[in-house]
Amino acid sequence: TGENMIVVGNGANETARATQIHGGCTTCKMLVMQSEVPLEENERAAMHARSLAQEVQTLWNAAPAPTPQTPVATLTSLLLLSDHLVVNEH
């Protein structure tokens, strides 16, 4: 029908940690983050990407949407660390 449907498998990415990518990011050109991963881990991963000698573009897919309880400082940091932002239709 062409309509958008978003399905979330809770728990699928909740255990992802930024430290899991540190060794594998020596030649990467793009870091893709999504909000199914804890936002603090996305933030740490983006900060790591920024610290690398080569240029790494960062893309944050902000879905699922942050809740009102999400710390504003974390959202602001992620926005500033993201070269590209993807938002899904509501």
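So, helix α1 (residues 39–51)
Move 1: For α1, built from 13 residues, the straight-helix expectation of 18 Å at 1.5 Å per residue is met to within 8% by its first-to-last C-alpha distance of 18 Å.
Move 2: Taken together, the buried positions of α1 are occupied by L39, E41, N42, E43, A45, A46, H48 and A49.
Move 3: Close packing links the buried residues of α1 with β1 (30–34), β2 (57–61) and α2 (72–81).

Things to note about the pairing of β1
Move 1: Here β1 shows a buried face lined by L31 and M33 and an unburied face lined by M30, V32 and Q34.
Move 2: Here β1 runs beside β2; their pairing, made up of five bridges, is parallel. Bridge pairing in β2 links V32 to L59.

Section: the pairing of β2
Move 1: In this structure, β2 lies alongside strand β3 (residues 84–86), joined through three bridges in parallel fashion. When the sheet's bridge partners are listed, N61 is paired in β3 with V86.
Move 2: With α2 bridging β2 and its parallel neighbour β3, the resulting β-α-β unit is right-handed.

Some words on the nonpolar core
Move 1: By size, the foremost hydrophobic cluster in this structure holds 14 residues, and its most contacted members are L31, M33, A46, V56, W60 and L78.
Move 2: Broken down by secondary-structure element, the contributors of at least two residues to this core are β1, α1 and α2.
Move 3: Apart from the residues within four sequence positions on either side, A46 is in contact with L31, M33 and L81.

Overview of the sheet that holds β3
Move 1: Spatially, three strands are ordered β1-β2-β3 in an open sheet, and the strand pairing comes out parallel. Each having just a single partner strand, β1 and β3 make up the two edges of the open sheet. Averaged over all pairs of adjacent strands, the angle between strand axes in this sheet comes to 15°, irrespective of strand direction.
Move 2: The strands touched by α1 within the sheet are β1 and β2, with β1 carrying the most contacts at an inclination of about 170°.
Move 3: In the packing of α2 onto the sheet, contacts are made with β1, β2 and β3, and the angle to β2 comes to roughly 135°.

Rules and cut-offs
Residues numbered from 1 in each chain as written. Predicted model: local features only at pLDDT ≥ 70, side-chain atom pairs only at ≥ 80, totals over all residues. Heavy atoms only, no water. Helix = DSSP H or I, 4+ residues; strand = E, 2+ residues; numbered from the N terminus. Expected span 1.5 Å × (residues − 1). Buried < 20%, exposed > 50% of the residue type's maximum accessible area, 1.4 Å probe, protein only. Contact = heavy atoms within 4.5 Å. Pairing = 2+ DSSP bridges. Right-handed = clockwise from strand over helix to strand, strands pointing away. Core = buried A, V, L, I, M, F, W, Y, C linked by side-chain atoms within 4.5 Å. Axes fitted to C-alpha atoms, helices over the stretch in contact; angles between N-to-C directions.

Note that all results are geometric; they support no functional claim without further evidence.
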